[in-house]
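Residue strings, one per chain:
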Amino acid sequence: MIKVLVISLSVVISALSFSVAATDIKALNPIQSLKVTSKFFKNPIEYNITLPKSYNEPKTKDKKYFVIFDLHPRSQPYLSGLHDWLSHNGDWPWLESIVVTPASYNAEFAKLFEQIAADPNNHTMLDYFENDLLRTIDKTYRTNGFRIYSGFMGNGALGLFALLNRPTLFNAYIISSPSLANDFGLITSQAKLKLTKKDDNMRFLYLSTGEHQYEQANLPAFGLFEQALNTSAPSTLDWQVHRNNNNHYMSQPIISMINGIEALFSDIHNDLKADSEISKKGVQAIIEYYERISEKKYGFKVSAEGSLKALAKSVTEKDSQKGLNIYQKIAELYPESAYALSALAKAYADLNDINKAIKYQTLAVDKSKSMIIWHQKKHQKYLEQYQESLVNQLQ
C-alpha cells in the first residue's frame, strides 16, 4: 500500500513539474505594446495588448479573435489570468480574446473623462474610441469585430455612457458598481429615451453592484437605470442586473467578469433544451434563432446542430419517424460534421435499418479523420458495431 502511494505521489509530482514548465506565464499571455496616436492628444497613448497563447501558433495563423477592453491599467493581470484559465480548454467558456488595457495612467485621457462630467454632450472620448483606438487595434491585430467593454466604478459609468450614446462601439458590456451619482453623463435621466433608439443588432449587458460604503452613493441612480432597462430596453438588448451584496466591492469586477462571460457566450456553449420556447416551435425556429445570433450578435456562424439534436432526441421518444426526419435535416445542414452523420446513423440503427446505419457511419468515420484520435476511434467503434449487427442479421 505504501509502495503504491509513493509511486502515485511520484507520478503527481512529475506531472506538476511538467505542468509548471508548460504553463510559463510569458508564453501563455504574451504582451505587446501598442501606441495609439490621436489628434486629441499631444503624445501617443500606450496600451498593453495581451494575446492568447494560440495567436502566434502556425495552425491558427488565420484565426480572428474577440477583443476585451478595460480602461484600468491594473485590470491587465486579472483579465489575462481569468481569460487564460477560462479559455484554455478549447475556447470554453471564454472564447479566445485579445485583452486591451492602458499601460499606465494618462493625464490627457483623464481630462476627456472630466469633460463628460462637465458637458455630457461632449463625445470626444467616444470619437477617440471609434476613430483612433479601436480602429488601430483592428488594423494591427486579427480581430473578428466583436468587442467587449469591461468597466468598474467610473469606468463602468463610461461604459453605460457609450452604450447609450455610441452603442456600435461595443457588442457586450460587463459593468461593475458604476459611479452614476449626480446623473453622470446624463445616464440616468436620459436612459429611457436613449435605450429605445437602437438598431437591430443584438447587444449584451451584465450590470452589477453591491452595498459596500463606496457603492452606497450610487445605488439610487443604479436603481433608476435598472427601472429604465425594465421599461425601455429594446428586445435586441440582452441584459441582466445583479446585486452581489455578499462581496466586497473590490471583488465585483472579478465576479462580474466570470458570470458575465459565461452568460454572454451561453448560446454558443449550451444547446437549447427540447422544451425551450424556441425549440417548441420546431426545427425552423431553431434554425432561425441561430441565424439571428450569427448575423446580429456575433458576426460569424454559430451552429444549431446541438440544439437540433436535442429536439430530435426528444421527438424520437414519441415518434421515431419524425425524429429521423430531423436527423436527416441536421445531416443536410452539416454535411461535414462527423457527429451529425453519426447521429443519423444511430437513428437508422434504432429503426433496425442497419445498411443505412453503416452507410452514414462510414461517412462519419471519413469526416472524423480531421479530428483527434479519440474521436476517430469513437466513430470507428460505432461502425464496427453496426457491421457486427449486420453479420448477426444475415446469419
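Residues numbered from 1 in each chain as written. Predicted model: local features only at pLDDT ≥ 70, side-chain atom pairs only at ≥ 80, totals over all residues. Heavy atoms only, no water.

An unreviewed UniProt entry lists the protein under the name Esterase, with Thalassotalea castellviae given as the organism.

1. Examining the overall build of the protein
The number of helices and strands found in the protein is 17 helices and 8 strands. Expressed as lengths along the three principal axes of its C-alpha atoms, the size of the protein is roughly 90 × 55 × 45 Å. Counting only residues that meet the buried cut, the protein has 47% of its 395 residues in that class. In the protein, of all internal contacts separated by at least 6 residues, the share reaching a separation of at least 24 is 68%. Only carbon and sulfur atoms are counted for the fraction: they give 53% of the accessible area of the protein, which is about 20600 Å². The averaged location of the 40 negative side-chain charges in the protein is 2 Å from the averaged location of its 43 positive side-chain charges. (Helix = DSSP H or I, 4+ residues; strand = E, 2+ residues; numbered from the N terminus. Buried < 20%, exposed > 50% of the residue type's maximum accessible area, 1.4 Å probe, protein only. Contact = heavy atoms within 4.5 Å. Areas by Shrake-Rupley, 256 points an atom, 1.4 Å probe, with all protein chains shown as cover. Lys, Arg positive; Asp, Glu negative; His and termini not counted. Charge placed at Lys NZ, Arg CZ, Asp CG, Glu CD.)

2. Here we look at the packing of aromatic side chains
Counted under the stated rule, the structure contains 25 aromatic pairs. Considering the side-chain rings of Tyr128 and Phe129, the 6.2 Å spacing of their centres and the 45 degrees angle between planes classify their relative orientation as tilted. As far as the burial class goes, Tyr128 and Phe129 line up, both buried. Ring centres of Phe265 and Tyr298 lie 6.3 Å apart, and the angle between their planes is 25 degrees; this geometry places the pair in the stacked category. Here Tyr298 lies in helix 12 (residues 283-298) and Phe265 lies in the loop between helix 10 (252-264) and helix 11 (266-269), a separation of 33 residues in the sequence. With a relative accessible area of 0%, Phe265 lands in the buried category. Among the aromatic residues, those joined into a cluster by ring pairs are Phe41, Phe69, Phe109, Tyr128, Phe129, Tyr149, Phe170 and Tyr173. (Phe/Tyr/Trp six-rings, centres within 6.5 Å; stacked < 30°, edge-to-face > 60°.)

3. Observations concerning the layout of surface pockets
Here the largest pocket is characterised by a volume of approximately 610 Å³. What lines the largest pocket is a set of 24 residues, and nearest its centre among them are Asp70, Leu71, His72, Pro73 and Asn155. The set of elements that each furnish at least two residues to the lining of the largest pocket consists of strand 2 (45-50), helix 3 (75-87), helix 4 (107-118), helix 6 (154-165) and helix 10. Take the lining of the largest pocket: its biggest share by element is 3 residues, from helix 4. Of the residues belonging to the lining of the largest pocket, the class tally is 16 nonpolar, 6 polar and 2 charged. (1 Å grid on protein atoms, 1.4 Å probe; cavity = no way out; pocket = protein on both sides within 12 Å on 5 of 7 lines; lining within 4 Å. Points joined across faces, edges and corners; volume = space filled by probe spheres on them. Nonpolar A, V, L, I, M, F, W, Y, C, P; charged D, E, K, R; others polar.)

4. So, empty space enclosed by the protein
Evaluated as defined, the whole model comprises 1 cavity of 30 Å³ or more. Here the largest cavity is characterised by a volume of approximately 60 Å³. For the lining of the largest cavity, the class distribution of residues is 4 nonpolar, 2 polar and 2 charged.

5. Notes on the nonpolar core
Side chains of a nonpolar character, in soluble globular proteins, are inclined to be buried together. Core analysis: the largest hydrophobic core is formed by 54 residues, its most contacted members being Trp94, Ile148, Met257, Phe265 and Ile330. Among the elements that take part in this core, helix 15 (residues 338-350) stands out by supplying 8 residues, more than any other. Ignoring any residue separated from it by four or fewer positions in sequence, one finds Ile330 in contact with Glu305, Leu308, Lys309, Ala312 and Ala340. With 51 residues, the next largest nonpolar core counts Val36, Val100, Tyr128 and Phe129 among its residues. (Core = buried A, V, L, I, M, F, W, Y, C linked by side-chain atoms within 4.5 Å.)

6. What about the side chain of Thr101?
Within the secondary structure, Thr101 is located in strand 4 (residues 97-102). Of the residues examined, Thr101 reaches a relative accessible area of 0% and is grouped as buried. Setting aside residues no more than four positions away along its own chain, Thr101 makes contact with Tyr47, Asn48, Asp70, His72, Ser75, Gln76 and Leu79.

7. Overview of the sheet that holds strand 6 (residues 172-176)
Spatial strand order, 1-2-4-3-5-6-7-8: 8 strands in an open sheet with mixed pairing. Looking along the sheet, the strands with just one partner apiece sit at the ends: strand 1 (31-36) and strand 8 (237-243). On average, each strand axis in the sheet is tilted by 20 degrees relative to the strand beside it, whichever way the strands run. As defined by bridge partners, strand 1 adjoins strand 2 across 6 bridges and the pair is classed as antiparallel. When the bridges of strand 2 are listed, Lys35 appears paired with Glu46. Where helix 3 meets the sheet, its contacts fall on strand 1, strand 2, strand 3 (65-70), strand 4 and strand 5 (143-152), and the angle it forms with strand 4 comes to roughly 170 degrees. (Pairing = 2+ DSSP bridges. Axes fitted to C-alpha atoms, helices over the stretch in contact; angles between N-to-C directions.)

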